[in-house]
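Each chain, letter by letter, is given below.
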Amino acid sequence: MSTILYYITYGFLWLISLLPLRVLYVFSDMLYFLVRRYYRREVVHEQLKGSFPEKTEAEIEEIEKKFYHAFCDFFAEDIKAFSISKKEMMRRVTFGEKGLAVVQKQFDEGKDYVFVYLGHYCNWEWLASFAYWTPSALCCQLYTPLENGLFDRIFLKVRQRYGGECIDKNLALRRLLQLRKEGKKVFAAFITDQLPQWKGMHHFMPFLNRETAVFVGGEQMAKKFNASVVCARIKRPKRGHYSVEYELITDNPKEVPDYEITDTFMRALEEDIVRVPHMWLWTHKRWKRSKEEWLERQRRAEESSK
């Protein structure tokens, strides 16, 4: 029954995706009013106020409106991804020659692994098309499986349409070690701005006016594999179009002090968010775990171990 439901759901979404993107944007414009009213509006508003305390209420409202418009556009674009052609995707998501040269240089100089860090900024799902632009390496993206198995299977198929490989983050170490044994050159993408779980929380840094827990798994992996690390700087020049540049953070991660690679990426992401704030994913409850609570948990754990 689950297989039948998968094919029905996938086929239905694929049929919708055949509509021109300009038509899907009409649905996005209509969906905006419903989503803004009912989907995590308090979360978005409070996080914007905390991130930009210098802005007036009217300015916060304006960012909020723009965010929900962009959020609905991302949904329309993700539907379009079911059937969009390679030519059309490469026209809409472009990677600058300078940035591509930075990545290729690492492989030309003997690196087997290059990791790219990105955030939930602009349409991160469409950025899976980076595999089109880097044919000299196996392009991978680490992902967190969705709780809904049906939609996890569906979107996994869509993400791998571009020729890259999706790797469950829980199996990433094993898979990357296997690829090393196979002698593959690997260009792997890590979404690095998510909120860590308590057990994976090791480092806080100032980010958007708050002490913020940051995910350091990508940095730990880079040090283990001695991977060069680049960050993706993304812009949306117009609706339905994204431009990406890669910037080198380090080509020798083992020599970089702990957490500095992550901090460098997060500061770059913060610059992008401050520049165009409505392109970040404000519906995600980014600060629901505080440094104070984390320190208290650490203290209690130390006391119980005595």
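Refer to the structure presented above.
Note that the structure is predicted; figures quoted are calculated from it, not measured.

What is the right way to look at the overall build of the protein in this model?
If you tally the helices and strands in the protein, you get twelve helices and nine strands. In terms of overall size, the protein behaves like a compact globule, its C-alpha atoms giving a radius of gyration of 20 Å where 306 residues would be expected to give roughly 19 Å. For the protein, buried positions account for 50% of its 306 residues. Restricting to contacts in the protein with at least 6 residues of sequence separation, those with at least 24 account for 80%. When the accessible area of the protein is evaluated, it comes to approximately 15800 Å², of which 54% is carbon and sulfur surface. On the protein, the mean spot of the 49 positive side-chain charges and the mean spot of the 41 negative ones are 5 Å from each other.

What am I meant to see in the environment of His 45 here?
For His 45, the position within the fold is in helix 3 (residues 41-51). Along the primary structure His 45 and Trp 282 are separated by 237 residues, whereas in three dimensions their C-alpha atoms are 8.5 Å apart. With near-sequence residues (within four places) excluded, His 45 lies in contact with Glu 57, Ile 60, Glu 61 and Glu 64.

Help me understand the state of the cysteines, please; the structure alone is not making it clear to me.
Each disulfide is one covalent bond, formed between the sulfur atoms of two cysteines. A complete count under the given rule lists zero disulfides for this structure. Here Cys 72 stays unpaired: no disulfide links it, and the sulfur of Cys 122, its closest cysteine neighbor, is 16 Å away.

What's the story with the packing of helix 3 against helix 4 (residues 57-80) in this structure? I'm lost.
Helix packing for two helices is described by the angle between their axes and how far apart those axes are. Where helix 3 contacts helix 4, the two axes come as close as 10 Å, and the packing angle between them is 130 degrees. Between helix 3 and helix 4, the interaxial angle falls into the category oblique. Classified by chirality, the crossing of helix 4 by helix 3 is right-handed. Residue-level inspection shows Arg 41, Val 44, His 45, Leu 48 and Lys 49 of helix 3 in contact with helix 4, the latter providing Glu 57, Ile 60, Glu 61, Ile 63, Glu 64, Phe 67 and Tyr 68.

What am I meant to see in the nonpolar core here?
One recurring pattern in soluble globular proteins is that nonpolar side chains are buried together. Counting 91 residues, the largest nonpolar core has Phe 115, Phe 187, Tyr 246 and Trp 282 as the members making the most contacts within it. Counting residues per element, this core draws most heavily on helix 4, which supplies nine residues. Once residues within four sequence positions are removed from consideration, Phe 187 is found in contact with Val 103, Phe 107, Val 114, Val 116, Phe 130, Thr 134, Ala 137, Leu 138, Cys 139, Cys 140, Val 230 and Tyr 246. Formed by five residues, the second largest nonpolar core is a distinct cluster that contains Leu 195, Met 201, Phe 204 and Trp 294.

Help me out: how do you make sense of the sheet that holds strand 9 (residues 241-250) in this one?
Hydrogen bonds between backbone atoms are what pair the strands of a sheet, whose relative direction is either parallel or antiparallel. An order of 1-9-8-2-5-3-4 is seen for the seven strands of this open sheet, with the pairing classed as mixed. Of all strands in the sheet, those bounded by a partner on one side alone are strand 1 (93-95) and strand 4 (165-168). For this sheet, the mean angle separating the axes of adjacent strands, direction not counted, is 30 degrees. With four bridges connecting them, strand 3 (residues 138-143) and strand 5 (residues 186-191) associate as parallel partners. Paired with Gln 141 across the strands is Ala 189, a residue of strand 5.

Scoring rules and cut-offs
Residues numbered from 1 in each chain as written. Predicted model: local features only at pLDDT ≥ 70, side-chain atom pairs only at ≥ 80, totals over all residues. Heavy atoms only, no water. Helix = DSSP H or I, 4+ residues; strand = E, 2+ residues; numbered from the N terminus. Rg over C-alpha atoms; globule rule 2.2 N^0.38 Å. Buried < 20%, exposed > 50% of the residue type's maximum accessible area, 1.4 Å probe, protein only. Contact = heavy atoms within 4.5 Å. Areas by Shrake-Rupley, 256 points an atom, 1.4 Å probe, with all protein chains shown as cover. Lys, Arg positive; Asp, Glu negative; His and termini not counted. Charge placed at Lys NZ, Arg CZ, Asp CG, Glu CD. Disulfide = S-S within 2.5 Å. Axes fitted to C-alpha atoms, helices over the stretch in contact; angles between N-to-C directions. Parallel < 35°, antiparallel > 145°, perpendicular 65-115°, else oblique. Left-handed = near helix turned anticlockwise from the far one by under 90°. Core = buried A, V, L, I, M, F, W, Y, C linked by side-chain atoms within 4.5 Å. Pairing = 2+ DSSP bridges.

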